Amino acid sequence: MHIKEWKSWFGSLHWLLSWFVVLIIIRPLIDNFYYLKEVSPFLSPLYIVGVLTPILSVVAISRIPLPNYSKLDTIMRIYGFLVFISCFFLLIGDFFSLDSVEFSLKLSLPIFLYFFCRRLVRSKQDLQGVLIAFAISSVFVIAILAYELIFNPISVQLSRGLERIQGNFADVSNYAFYATCGVLISGYFYFEKINEWKFKQRVFLFLSVCAISLLISINIHHTASYAVIMTLFLIFLVNNLKAHKGGAIFFIIMSTVLIYAFGKETIDENILPLIETDIQVYEGEKESEALLHGRVGRWMSFLEVFSESGVVSQFIGLPASMNNPYKFISKGAHNDYLRVLMFTGYIGITVYLIFLGSIFLRALKRKTETRFLGLGAFAIITMYSISTTPSLYAPLLYVLIPVICFLAIPGKGRIIK
């Protein structure tokens with residue numbers, strides 16, 4: 001899809017759908033006003049977007065019919081029902097406080113976006129339109145990164161002895177998600193344009209985005225992002241071996257040369273400090289609770305609280321206890337599987353894992369470009385979920401949920417444009 005085609009596609013969208021594309025493009029700009037919420041929630045663009053997104057999604061869902069049925073829809077309806085039950089208990093337990101409303105909107109956002117995007121993403125053209133919108137939004141992120149590297153960091157965090165730049169975002173994860181999604185999207189178009197673009201054009205696009213993503217990773221020192229980008233590259237190589245063996249050999253040789261030339265230095269300076277504690281645990285110098293920068297200790301304490309809660313709370317989530325569960329169901333859990341367990345109980349985590357498994361199986365059955373995109377999205381969700389909470393980061397959902405919705409389209413109902 002060229003830029004003229006993208007403009008034509010965007011112009012053809014009903015306003016009930018096009019607002020989401022605009023939101024994707026301006027989201028990095030909105031995220032830079034994160035700290036306005038400390039002045040007043042009514043002045044924060046993020047709070048305004050957080051309220052308007054589910055409202056506009058519901059309006060679109062109610063007025064635009066679902067184009068086709070998918071088994072993923074049924075799974076998501078069951079999971080959504082459990083999410084809304086927990087949100088109801090959250091609102092009642094804290095008597096519709098600002099916190100309970102904010103958390104309910106944030107925690108239910110994936111449900112609203114899924115059923116909204118099922119109406120937006122009806123074809124390959126729709127999928128590509130959304131991906132290109134995200135690529136356009138990334139220009140602003142790259143501009144912020146360039147400013148921080150050339151002139152002066154806007155904000156710096158010190159973690160494990162390393163300085164992490166984070167711009168004016170809430171945390172370094174914002175940079176990380178744009179980096180990984182950039183690799184995912186560029187890899188998709190590398191395969192999708194295999195019969196339209198010359199090999200050197202596709203290589204230039206993919207390598208340019210990978211270089212920027214690695215530059216971001218090196219400057220934010222985000223362990224999970226190193227692992228995710230490496231996994232995406234491996235998925236890319238495996239698919240390339242099937243689609244274009246010559247291209248795969250080129251990337252393997254290039255990677256080998258780069259690893260030989262810069263690998264040891266890069267690992268020593270940028271990766272070893274991040275896993276030093278884990279190495280000490282492995283060598284017996286520290287307890288297992290210190291693993292993953294102390295996250296394992298936090299998970300153990302959270303699970304202890306969960307195991308001591310009532311039977312009802314264990315099966316449908318801690319909000320049912322009507323106590324204050326915020327720290328257990330937010331980003332502070334540092335693990336999305338644990339967060340889903342605490343929020344929706346044993347039933348919820350079971351349904352959620354079935355949903356993830358269905359995404360994986362669907363991706364395996366698709367053509368090369370969609371298989372890479374689907375497996376890459378699956379890798380991003382599942383790997384980030386180990387040490388963070390990706391389902392609570394809207395910019396990441398703007399890419400992953402449309403991809404999932406494209407995978408949800410049944411074979412006979414998929415329109416290829």
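Just above, that's the structure.
Note that the structure is a prediction, hence the values are computed from the model and not measured. (Residues numbered from 1 in each chain as written. Predicted model: local features only at pLDDT ≥ 70, side-chain atom pairs only at ≥ 80, totals over all residues. Heavy atoms only, no water.)

Quick word on unusual backbone geometry
Phase 1 of the analysis: In this model, Phe-95 sits at a positive phi of 50 degrees, which is unusual for a non-glycine residue.
Phase 2 of the analysis: Residues other than glycine seldom take positive phi values, yet Phe-96 does so here, at roughly 55 degrees.
Phase 3 of the analysis: If you trace the backbone, Phe-96 turns up in the loop between helix H4 (71-93) and helix H5 (98-120). (Helix = DSSP H or I, 4+ residues; strand = E, 2+ residues; numbered from the N terminus.)

Here's the deal with the layout of surface pockets
Phase 1 of the analysis: Considered as a void within the structure, the second largest pocket measures approximately 830 Å³ in volume.
Phase 2 of the analysis: Lining the second largest pocket we find 30 residues, and of these Leu-46, Tyr-47, Gly-50, Glu-102 and Lys-106 sit closest to its centre.
Phase 3 of the analysis: Of the residues that constitute the lining of the second largest pocket, the class distribution is 19 nonpolar, four polar and seven charged. (1 Å grid on protein atoms, 1.4 Å probe; cavity = no way out; pocket = protein on both sides within 12 Å on 5 of 7 lines; lining within 4 Å. Points joined across faces, edges and corners; volume = space filled by probe spheres on them. Nonpolar A, V, L, I, M, F, W, Y, C, P; charged D, E, K, R; others polar.)

Some details on the packing of aromatic side chains
Phase 1 of the analysis: Applying the stated criterion to the full structure yields 32 aromatic pairs.
Phase 2 of the analysis: Measuring from centroid to centroid gives 5.3 Å for Phe-169 and Tyr-175, while their planes differ by 80 degrees, and the two rings are edge-to-face. Both residues of the pair, Phe-169 and Tyr-175, belong to the buried class.
Phase 3 of the analysis: Arranged with centres 6.4 Å apart and planes meeting at 15 degrees, the rings of Phe-206 and Phe-233 form a pair that is stacked. A residue pair is termed long-range when its members are at least 10 positions apart, and Phe-206 in helix H8 (residues 199-220) and Phe-233 in helix H9 (residues 223-243) qualify at 27 residues.
Phase 4 of the analysis: Here Phe-206 falls in the buried class, since its relative accessible area comes to 0%.
Phase 5 of the analysis: The ring of Tyr-190 has Arg-202 sitting right over it, with the charged end atom 4.4 Å from the ring centre.
Phase 6 of the analysis: Against the face of Tyr-393 rests Lys-331, its NZ or CZ located 4.1 Å from the ring centre. (Phe/Tyr/Trp six-rings, centres within 6.5 Å; stacked < 30°, edge-to-face > 60°. Buried < 20%, exposed > 50% of the residue type's maximum accessible area, 1.4 Å probe, protein only. Lys NZ or Arg CZ within 6 Å of the ring centre and 35° of its normal.)

Comments concerning the environment of Met-76
Phase 1 of the analysis: Within the secondary structure layout, Met-76 lies in helix H4.
Phase 2 of the analysis: For Met-76, a relative accessible area of 6% puts it in the buried group.
Phase 3 of the analysis: Look past the residues within four positions of Met-76 in its chain and what remains in contact with it is Ile-111, Tyr-114, Phe-115 and Phe-355. (Contact = heavy atoms within 4.5 Å.)

A short note on the nonpolar core
Phase 1 of the analysis: Core analysis: the largest hydrophobic core is formed by 118 residues, its most contacted members being Phe-20, Tyr-114, Leu-131, Tyr-175 and Phe-236.
Phase 2 of the analysis: Contact partners of Phe-236, with chain neighbours within four places excluded, come to Gly-187, Tyr-190, Phe-191, Phe-206, Phe-251 and Phe-372. (Core = buried A, V, L, I, M, F, W, Y, C linked by side-chain atoms within 4.5 Å.)

Topic: H4
Phase 1 of the analysis: End to end, H4 covers 34 Å across 23 residues, agreeing with the expected 33 Å (1.5 Å per residue, within 8%).
Phase 2 of the analysis: Of all the positions in H4, only Leu-72, Asp-73, Ile-75, Met-76, Tyr-79, Gly-80, Leu-82, Val-83, Ser-86, Cys-87, Leu-90 and Leu-91 are classed as buried.
Phase 3 of the analysis: If you follow the buried residues of H4, they end up packed against H5, helix H12 (311-316), helix H13 (336-364) and helix H15 (394-408).
Phase 4 of the analysis: Of the residues flanking the end of H4, it is Phe-95, one or two places downstream, whose phi is positive at about 50 degrees. (Expected span 1.5 Å × (residues − 1).)

A few points about the environment of Val-51
Phase 1 of the analysis: Examined against the element boundaries, Val-51 turns out to sit in helix H3 (residues 45-63).
Phase 2 of the analysis: A relative accessible area of 39% places Val-51 in the partly exposed class.
Phase 3 of the analysis: Here the alpha-carbon distance between Val-51 and Lys-106, two residues 55 residues apart in the chain, equals 9.1 Å.

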